[in-house]
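Structural characterization, general
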Amino acid sequence: MPRYGMVIDLERCMGCRACMEACKVENNTPEGAFWMHVFRFEEGEYPDTKVGFLPRPCQHCENAPCVKVCPVQARYMQDDGVVLTDFKRCIGCRYCIVACPYGVNHFNWTPPEDAYYLDWDDPDVEKVTRGAVPPYDNPDLDEPHGDRGTLVAGGGHYDGTTEKCTFCVQRLEKGLLPACVANCPVDVFSFGDLDDPESAPSQALRSKRAFRLKEELNTEPKVFYTGQPPPGEEIRPIDIVSSTGGQ
Amino acid sequence: MLVAQGLYSFARQQIDGHQLAGLDDTAPWGLYIAGFVFFVGASAGSTVIGLTVHGFGRKDYEPLATRAILIGLLSLAAAVTFIAVDVGRIERMLLLPWYWRSTTSMFFYTSITYYLFAAILLAELYYTVRLTRGSTEPRDRWMAKWLAIMAVPFALVVLHAPHGALFAVVKAREFWANPLLPPHFAVVALVSGMALVIPVAIVTSWLKKRELVGMHTLAHMGALLALLIAVTGVLDFFDWLVFAYSDKAAGVAAWDILFGSHLVLSVIHVGGYMAALATLLFVLRFRREWLVPGLVVASAITLLAVAGYRYNLVTVGQAVSLLPVIPVSEYWPSGTEISIAVGIVALTALSYSILTRVLPLEEDAPPRREEPAVSTVRLAPAGEST
């Protein structure tokens, strides 16, 4: 059984956010939901400033706090190390959100059908698209996936539940890479089996010094960063994305 | 009216989603969770009356026994209602105890304790009502006594301290990850429970135009409240002292929030305890004739201070950025949240009012032959009625 992990080369990242876009299209996430987020920040004092980027998917921690605190075991870790949410079991208590040190979770504050970017059934939208652009709605998401064989891939993004990056579990089962990895134009991401010394992430980890976010908390993330030191406390975020979903 | 507007706001929240609350992904818990923790504490704290009657033999507290159990039950119901309006899927929440393998979740654990605590309180209410109706069976007295005594350690250790752990186990939040929090919660529970029962005793006496408990008993309750406030004040002091030495950026940021945007709430919390303690000591030591208004004022200030503490605890913990790159939004409750919270409090008060009319209470019961009241602490001047 593989143990999936990811290495993110910050030296390569140029902040284009193609990974965020690919994630949105693949997982059909509503407005305000960013399972993958590339934070842009500024550091240093004028005139010696520079802009940095930090792509942040779910860290799929080996010792995941969100799994520990979930009162109904809706949040769980598969044998392959991927941390998933059973959307038909989640009660929406948001304990996973407060317990996660990386802020990766999104709660569907708005009924998702009200928060999609376009209502594809709206006649006015159809007038514009003339039926040429089909509604993007990945049918794979509505199928059972994962060890439990339940709805864990996002589907219709259920009202009143919490969701997050799944490492594109529906793609992994087909032998494909997660959407963010597959669509990065500059190969920032290395994804694969951390236990396989020949896998892309294992090789990436051997080639450069790596760090994990908030290692002192002993959450043991399976997402590693290389190429740059971790962003310090003195950095200044330079953009804010609404997280309430369409409001 | 207040209940109806709360129900309307709740219905709107169910239809339009939790976007109507002032919450977001950086501050997912707010007024509902603060209300939930406050009422669980009040529920746990109200059990101290039963212990005083049955454990310490203070028969002068007996007229409050049924009312204290009712306050405990209704506060527990209010707490569960607060959590119910907070979660995204109420219908699934009710099945929570069935997920018995979630042993690492403090939320799962605390949810189980509601059922057990409600069962203890209902059983205690049943036997207390039987006694009030004139039962002379030793079994009823024995059950009422031991349920009342058992309720206190259960409420403090099994029920409420784990609510402190609910926050303390969250290592991601510097403001919460504090091992002192569970015992601190237990003491604050006693403070809020006593601060709720005192005005109930006084207001009921005033409404019924007859003394529910004597001045000596009221003075004893005031002294107990003062002692509990002093203990929680000491815990608060050391809590903040240790926190002030935090060398982590998150700790410094939380400290800045406490004395920045949340300064008013911090003053309500700390200043409230100090004002309540000063009021209690003043009326107990120097102005016994002002005892009744003094107790009402001190209790009200204490409840406000506890509410300030609970609110600050929940919100400041989340107001600090998890990572330097993640901006946080400042949380303040929305109109919908306030409306629902007011509705829950009004529903609790309404339920109390109805139940105290339906249930037989000690003051309406026929006089029983009782052993003389045993007083362990003498606070009233000699010759004053007990």
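Keep in mind that this is a model prediction, so the values were computed, not measured.

Brief notes about the packing of aromatic side chains
Residues and elements named next belong to chain B. Across all of its chains, the model carries 27 aromatic pairs over all chains by this definition. Their ring planes at 10 degrees and their centres at 6.1 Å tell us that Phe117 and Phe154 sit as a pair that is stacked. Placement of the pair is Phe117 in helix H6 (residues 106-132) and Phe154 in helix H7 (residues 138-168), with a sequence separation of 37 residues. Residue Phe117 is classed as buried on the basis of its relative accessible area, which comes to 0%. For Phe154, a relative accessible area of 15% puts it in the buried group.

A look at the environment of Lys208 of chain B
Residues and elements named next belong to chain B. Structurally, the position occupied by Lys208 is in helix H8 (residues 181-208). Given a relative accessible area of 34%, Lys208 falls into the partly exposed group. Distance from Lys208 to Ile15, taken between C-alpha atoms, is 43 Å for residues 193 residues apart in sequence.

A few points about helix H12 (residues 291-318) of chain B
End to end, H12 of chain B covers 40 Å across 28 residues, agreeing with the expected 40 Å (1.5 Å per residue, within 8%). Counting buried residues in H12 of chain B gives 20 out of 28 residues, a clear majority hidden from the surface.

Considering the pairing of strand E2 (residues 37-43) of chain A
Residues and elements named next belong to chain A. In terms of burial, E2 is largely enclosed, as five of its seven residues are buried. Note that E2 and strand E3 (residues 50-56) share seven bridges and pair antiparallel. Paired with Glu42 across the strands is Val51, a residue of E3.

Focus: the side chain of Asn105 of chain A
Residue and element names in this part refer to chain A. With respect to the helices and strands, the residue Asn105 is situated in the loop between helix H3 (95-99) and strand E6 (106-107). At 2.8 Å, the side chain of Asn105 forms a polar contact with the side chain of Arg75. Here Cys96 takes part through its backbone oxygen, which lies 3.5 Å from a polar atom of the side chain of Asn105.

Cut-off values and rules
- Residues numbered from 1 in each chain as written.
- Chains lettered and ligands numbered in written order.
- Predicted model: local features only at pLDDT ≥ 70, side-chain atom pairs only at ≥ 80, totals over all residues.
- Heavy atoms only, no water.
- Phe/Tyr/Trp six-rings, centres within 6.5 Å; stacked < 30°, edge-to-face > 60°.
- Helix = DSSP H or I, 4+ residues; strand = E, 2+ residues; numbered from the N terminus.
- Buried < 20%, exposed > 50% of the residue type's maximum accessible area, 1.4 Å probe, protein only.
- Expected span 1.5 Å × (residues − 1).
- Pairing = 2+ DSSP bridges.
- Polar contact = N/O pair within 3.5 Å; in protein donor to acceptor, adjacent residues only side chain to side chain.

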